[in-house]
Amino acid sequence: AEFIALMTVTLFPIRLLIAAFMMLLAWPFAFIASVGRSETTVEPQCLWRRLVDIILRIIMRVMWFAGGFHWMTVKGRRALPTEAPILTLAPHSSYFDAIPVTMTMSSIVMKAESKDIPLWGTLIKYIRPVFVSRSDQDSRKKTVEEIKRRARSGGEWPQIMIFPEGTCTNRSCLITFKPGAFIPAVPVQPVVIRYPNKLVSKLVKGFQILWLTLCQLHNEFVIEFLPIYTPSEEEKKNPALFAINVRRIMAKALGVPITDYSFEDCQLAMAEGQLRLPVDTCLLEFAKLVRRLGLKPQNSEKVLQEYGNRARKLEGQKLGLEDFAHFLDVPVSDMLRDMFGLFDEVKTHEDNRMDIREYVIALSVVCRPAKTLETMKLAFKMFEAEEDGAITESELAVILKTALGVSHISVSHLFTAIDVDDTGKITFDKFRNFVEHHPDFAEDYLYTENTDLHSAPYNDHQTQPSLSTLKVRGAATSKTANGICPEFSDHDGAIDGLKKHN
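Not measured: the values here are computed from a predicted model.

S.K.: Looking at this structure, how should I read the packing of helix H11 (residues 300–314) against helix H12 (residues 321–328)?
M.R.: The geometry of a pair of packed helices is captured by two quantities: the angle between their axes and the separation between those axes. In the contact formed by H11 and H12, the axes pass within 12 Å of each other and the chain directions differ by 140°. It follows from the interaxial angle that H11 and H12 lie oblique. In this structure, H11 crosses over H12, and the sense of that crossing is right-handed. On the side of H11, the interface is formed by Tyr-307, Arg-310 and Ala-311, while H12 contributes His-326, Phe-327 and Leu-328. Grouping the constituent residues of the contact of H11 with H12 by class yields four nonpolar, one polar and one charged.

Written as structure tokens, this is what we have:
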């Protein structure tokens, strides 16, 4: 114990200082090599630029060596830019996934603001990243076009390294790949990453994995370059199919399963709101259908308020499939039927009809998962009686079961605690005041009464259930992590831009 404590106190700060020093040492070389560079053309790789490239790789390797990565295992052969313009890496799990970037000096996708960060911005600009501007509404489209332009340059540009999962996972499976790396329809080289260290073999929170890794005397890192994958004519026309087939190859090489969960699902499942979703909540399926149907609004606040006002006027009137399609102004389709079924078969069982207010609540959770009170305010507005602006216990149950994406929930304990005057009704103001005084109200009042919300989450090798089998089997509370992406992190690491724009 004393030895571990000593290592923690000494190794961590020393290694951080060495890393900072090596970055300072690398800065002048990166600055000189970046001067006069054009963002649209590639200059010839003259002798002095190649020398700078070698020096920077050595400096970065020394930095990782000082961090405990004394040797790194490389398997397979890295393809040339002319053979595979794009490298797809997985799984993405920590800050240390930046190691392949420094090993290859490949380009990455990053937010434009990164280039203005002192010291760090100069080092980033050296590898010629594809910059994404969050202030530009067309940034996603421009990013894809730039990736296509570079990938089809015949090897003139450096290879582009992309983490197609788009977020950090716990490495127990591969989540859905985002299509950005596959839209150019060029050959890609799958690359898999492994961290054999048992201490950090499971993902922990961003700073924790940094702390644990840097406190170890020795860390292991394995990178394997798999054979180049050339898309078929069908895959060139269908980037999603291209991504699926590459993911299967990478999952087989890693010996892990694949799952239909995506980056957006991890965001939704791990949002830091007062209500944490159950592990296999049907809202994950709902969110997927929302994306596929193109129903997620750009101006969510405005659209949700409009939907709320329209739903309130219906006063609980149940809608059929045709009426549901008319409300959303979309044609009837199989995907719309699946979405309708989430609110009909799973919830009401009332002659193929649904309460549109439940759809609005679910959409609010998907669009703003961390804003629990905003969703509850919208729900109260749709359900409250005109004479007193209050709702009953049964109405609160409908609101909360929809917000959690479950088929049934008991709210008696919570409702009684809020309704101190025993009127049989509560207003949003009473609910908000209660939540302000009891920020852990879900843990204290909902999960204690609904014990099935505390069941064990998915184990590492389970995948998402089908729509017909979605049931409540676990909760992603502050004390119980989600089984697929238990510590989803949106940290600003060395490959931050890959998370949202690839």
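S.K.: How should the sheet that holds strand S1 (residues 72–75) be read in this particular structure?
M.R.: Sheet architecture is open: five strands sit in the order S1-S7-S6-S2-S5, paired in mixed fashion. With one partner strand each, in any of the chains shown, S1 and strand S5 (160–162) form the two edges of the open sheet. Looking at each pair of strands side by side, their axes are set apart by 20° on average, direction ignored. Both S1 and strand S7 (residues 221–225) contribute to a ladder of four bridges, which runs parallel. Counted as the bridge partner of Val-74 is Ile-223 from S7. Strands in contact with helix H8 (residues 239–254) are strand S2 (86–90) and strand S6 (188–194); relative to S6, the strand with the most contacts, it is inclined by about 35°.

S.K.: How do you make sense of the pairing of S6 when you look at a structure like this?
M.R.: Within a regular beta strand, the side chains point alternately toward one face of the sheet and then the other, so they alternate between its two faces. With six of its seven residues buried, S6 lies for the most part within the structure. Sheet topology note: the S2/S6 ladder contains five bridges and is parallel. Bridge pairing links Ile-86 to Val-188 in S6. Sheet analysis places S6 next to S7, joined by four bridges and oriented antiparallel. Each residue of the ladder has a partner; that of Val-192, found in S7, is Glu-224.

S.K.: Hey, could you run me through unusual backbone geometry in this one?
M.R.: What is expected of a backbone is that most residues other than glycine have negative phi and most peptide bonds are trans. That bond from Ala-90 to Pro-91 is cis: its omega, -5°, falls within 30 degrees of zero. Its place among the elements puts Pro-91 in the loop between S2 and helix H3 (99–104). A positive phi angle, near 60°, is found at Asp-329, a position not held by glycine. Residue placement: Asp-329 occurs in the loop between H12 and helix H13 (334–348). Among the residues examined, Asp-329 registers a relative accessible area of 70% and is labelled exposed.

S.K.: Looking at this model, I keep getting lost on the packing of helix H14 (residues 356–367) against helix H16 (residues 393–404). Mind explaining?
M.R.: H16 packs onto H14 with a crossing angle of 45° between their chain directions and a minimal axis gap of 8 Å. Classified by the angle between their axes, H14 and H16 sit oblique to one another. Our pair here, H14 against H16, has a crossing hand that is right-handed. Here H14 contributes Glu-358, Ile-361, Ala-362 and Val-365 to the contact with H16, which in turn contributes Val-398, Ile-399, Thr-402 and Ala-403.

The rules behind these values
Residues numbered from 1 in each chain as written. Predicted model: local features only at pLDDT ≥ 70, side-chain atom pairs only at ≥ 80, totals over all residues. Heavy atoms only, no water. Axes fitted to C-alpha atoms, helices over the stretch in contact; angles between N-to-C directions. Helix = DSSP H or I, 4+ residues; strand = E, 2+ residues; numbered from the N terminus. Parallel < 35°, antiparallel > 145°, perpendicular 65-115°, else oblique. Left-handed = near helix turned anticlockwise from the far one by under 90°. Contact = heavy atoms within 4.5 Å. Nonpolar A, V, L, I, M, F, W, Y, C, P; charged D, E, K, R; others polar. Pairing = 2+ DSSP bridges. Buried < 20%, exposed > 50% of the residue type's maximum accessible area, 1.4 Å probe, protein only.

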